[in-house]
Amino acid sequence: MTIEYQWRGDFANASLDALHAEGFGHPAAATDWRARLERHSLGWVCARDGAALAGFVNVAWDGGAHAFLLDTVVGRRYRGSGVGVALVTRAAEGARAARCEWLHVDFEERLRPFYLDGCGFRETAAGLIAL
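This text gives an overview of the structure that appears in the document. Everything numeric here is computed off the predicted structure, so don't read it as measured data.

Considerations on the environment of Phe11
Thought 1: Tracing the backbone through its elements, the reader meets Phe11 in the loop between strand 1 (3–7) and helix 1 (13–24).
Thought 2: The spacing of Phe11 and Ala67 is 56 residues in sequence and 22 Å in space, taken between C-alpha atoms.

Structure (C-alpha cells):
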C-alpha cells in the first residue's frame, strides 16, 4: 500500500461523500463538497491509494491566524496504518505555509489519544453550544 497525500487534492464529490458517510456513520447525502470547500476552506488534504480516496481532512480558517480541522476521516481499510496522522501533519504544513499561527481541533473523547498523542495537539479549554 503506497498512500499519496495532496494539499488541495482533486476528488470526486461522490467519492468524498461515500468516505464521509462511512467514517461518520450516516447515509451518503450527495453533498457538493467541491463548492463547500472552495467557499469555506483554506485547503484540504486528500490521501490516495491509487485511484481510491483513502482519507481526507478539511482545513477551514478565519482568513487570518486561525485554522480549524474538520471532517478528518480515514477509510475503514486504512485505519491504524498512520494515514490519519499523516493527513493532519500535511494539513498543519498547509496552514503553516498560509501563515496561520494556530491550528484548532475539537474531537470526541474517544479520539483524544489520536489528536493529543498521535498528532501533537495540546489540550486547551474550549466551549461549545449545540445549535
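Okay, back to it.
What to know about the packing of helix 1 against helix 2 (residues 33–40)
Thought 1: Remark: helix 1 packs on helix 2, axes separated minimally by 8 Å, with the N-to-C direction vectors making an angle of 85 degrees. Our classification of the angle between helix 1 and helix 2 gives roughly perpendicular. Together, Asn13, Leu16, Asp17 and His20 of helix 1 and Trp33, Arg34 and Leu37 of helix 2 make up the contact between the two elements.
Thought 2: Residues that form the contact of helix 1 with helix 2 fall into these classes: three nonpolar, two polar and two charged.

Here's the deal with the pattern of salt bridges
Thought 1: The full count for this structure, using the stated rule, is eight salt bridges.
Thought 2: The salt bridge involving Glu109 is made with Arg112; its shortest N-O contact spans 2.9 Å.
Thought 3: For Glu109, a relative accessible area of 54% corresponds to the exposed category.
Thought 4: Notably, a salt bridge pairs Arg112 with Glu123, separated by 3.2 Å at the nearest N-O pair. Here Arg112, found in helix 4 (residues 112–118), pairs with Glu123, found in the segment after helix 4; they are eleven residues apart in sequence, far enough to count as distant.

The rules behind these values
- Within each chain, residues carry numbers counting from 1 in the order of the written sequence.
- Per-residue local features of the predicted model are confined to residues with pLDDT of at least 70, and side-chain atom pairs are confined, for both listing and counting, to 80 or more; whole-chain, interface and lining totals are unaffected and use all residues.
- To obtain the side-chain values, all non-hydrogen atoms of the structure were used and water was disregarded.
- Numbering of helices and strands runs from the N terminus; a helix is a DSSP stretch of H or I covering at least four residues, while a strand is a stretch of E covering at least two.
- Geometry is summarised by axes, namely lines fitted to C-alpha atoms with helices restricted to the contacting stretch, and by angles between N-to-C directions that run from 0 to 180 degrees.
- Orientation is classified from the angle alone, with under 35 degrees giving roughly parallel, over 145 giving roughly antiparallel, 65 to 115 giving roughly perpendicular, and any other angle giving oblique.
- Residue contacts are defined here by distance: any two heavy atoms, one from each residue, within 4.5 Å place the two residues in contact.
- Side-chain classes follow a simple rule in which Ala, Val, Leu, Ile, Met, Phe, Trp, Tyr, Cys and Pro form the nonpolar group, Asp, Glu, Lys and Arg form the charged group, and the remainder, Gly included, forms the polar group.
- The salt bridge definition used is simple: a Lys or Arg side-chain nitrogen within 4 Å of an Asp or Glu carboxyl oxygen.
- Only protein chains enter the area calculation, which uses a 1.4 Å probe; residues under 20% of their type maximum are buried, those over 50% are exposed, and those in between are partly exposed.

These figures come from the coordinates and say nothing about function on their own.
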